[in-house]
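A look at the structure
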Amino acid sequence: PVIFAPFSVCGSLATEEFQSREAIVKIGLKVIITTDKAATSALSGIIEAHPELFTDHNEADYFRLSLFLMHEWGKGEESFYFPYLAHIKSPWSVI
C-alpha cells in the first residue's frame, strides 16, 4: 500500500514492470459488490416493491448499491463483507 500525495489517495505501487493488459490482481466474483448482487439479496423484496427508487431512473444502480451497503454495514461482524467494511471510517464515505 502507498499514499499518493498531495491528495492522500491510497493505492498500490508496482515494484516490477508488467505488460499492458497483464492481470496483476485477480478478485473472485464472490467478493465483488454489484447491483445484481444487491437485487438478488435479502433486499430483493424491497427493491422489487419500489421500482420508482431502485429501477426506473438513472440513479437506480446507486440507490441499490447504497441500500445493500447500509444493510451489510448494519449486520456488523455477521456480514460477509465485514473485513472490507471495517476499514471504512463511515458507511457514508462510500455511499
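In what follows, the structure referred to is the one given above.
Quantities reported herein were computed from a predicted structural model and do not represent experimental measurements. (Residues numbered from 1 in each chain as written. Predicted model: local features only at pLDDT ≥ 70, side-chain atom pairs only at ≥ 80, totals over all residues. Heavy atoms only, no water.)

1. Here we look at the overall build of the protein
We apply this condition: Each helix corresponds to a stretch of at least 4 residues labelled H or I by DSSP, and each strand to a stretch of at least 2 residues labelled E; elements are numbered beginning at the N terminus. Radius of gyration here uses only the C-alpha atoms, and the compact-globule reference equals 2.2 Å multiplied by the residue count raised to the power 0.38. The rule is simple: take the accessible area with a 1.4 Å probe, protein chains only, and divide by the maximum for that residue type; under 20% is buried, over 50% is exposed, in between is partly exposed. Contact criterion: two residues are considered in contact whenever any of their non-hydrogen atoms come within 4.5 Å of each other. In these tables, accessible area is a Shrake-Rupley quantity obtained with a 1.4 Å probe, and a residue counts as shielded only by the protein chains included in the view. Residues scored as positive are Lys and Arg, those scored as negative are Asp and Glu, and His as well as the terminal groups of each chain are ignored. By convention, charge coordinates are those of NZ in Lys, CZ in Arg, CG in Asp, or CD in Glu.
Helices and strands together make up the secondary structure of the protein, namely five helices and two strands. In the protein, the succession of helices and strands from N to C terminus is β-β-α-α-α-α-α. Compactness check: the protein gives a C-alpha radius of gyration of 17 Å against a globular reference of 12 Å for 95 residues, more than 25% above the reference. Along the longest, intermediate and shortest principal axes, the C-alpha atoms of the protein span 50 × 30 × 25 Å. When burial is assessed residue by residue, the protein has 19% of its 95 residues classed as buried. Within the protein, counting contacts between residues at least 6 apart in sequence, those at least 24 apart form 38% of the total. Surface accessibility of the protein: about 7700 Å² in total, with carbon and sulfur atoms responsible for 59%. Counting 7 positive and 12 negative side-chain charges, the protein places the centres of these two groups 5 Å from one another.

2. Some details on the pattern of salt bridges
Quick note on the threshold: We count a salt bridge whenever a side-chain nitrogen from Lys or Arg sits within 4 Å of a carboxyl oxygen from Asp or Glu.
A complete count under the given rule lists two salt bridges for this structure. With a shortest N-O distance of 3.1 Å, Lys75 and Glu72 are connected by a salt bridge. Taken together, the residues Lys75 and Glu72, both in helix H4 (residues 60-75) and three residues apart, mark about one turn of the helix.

3. A short note on H4
Formally: Given a helix with a known number of residues, its expected span is that number minus one, times 1.5 Å.
Compared with an ideal rise of 1.5 Å per residue, which puts 16 residues at 22 Å, H4 spans 23 Å between its outermost C-alpha atoms and is within 8% of the ideal. Along H4, the positions that sit buried rather than exposed are Ala60, Arg64, Ser66, Leu67, Phe68, Leu69 and Glu72. Among the residues trailing H4, Gly76 stands out with phi positive, at a value near 60 degrees.

Purely spatial values, then, with no claim about function.
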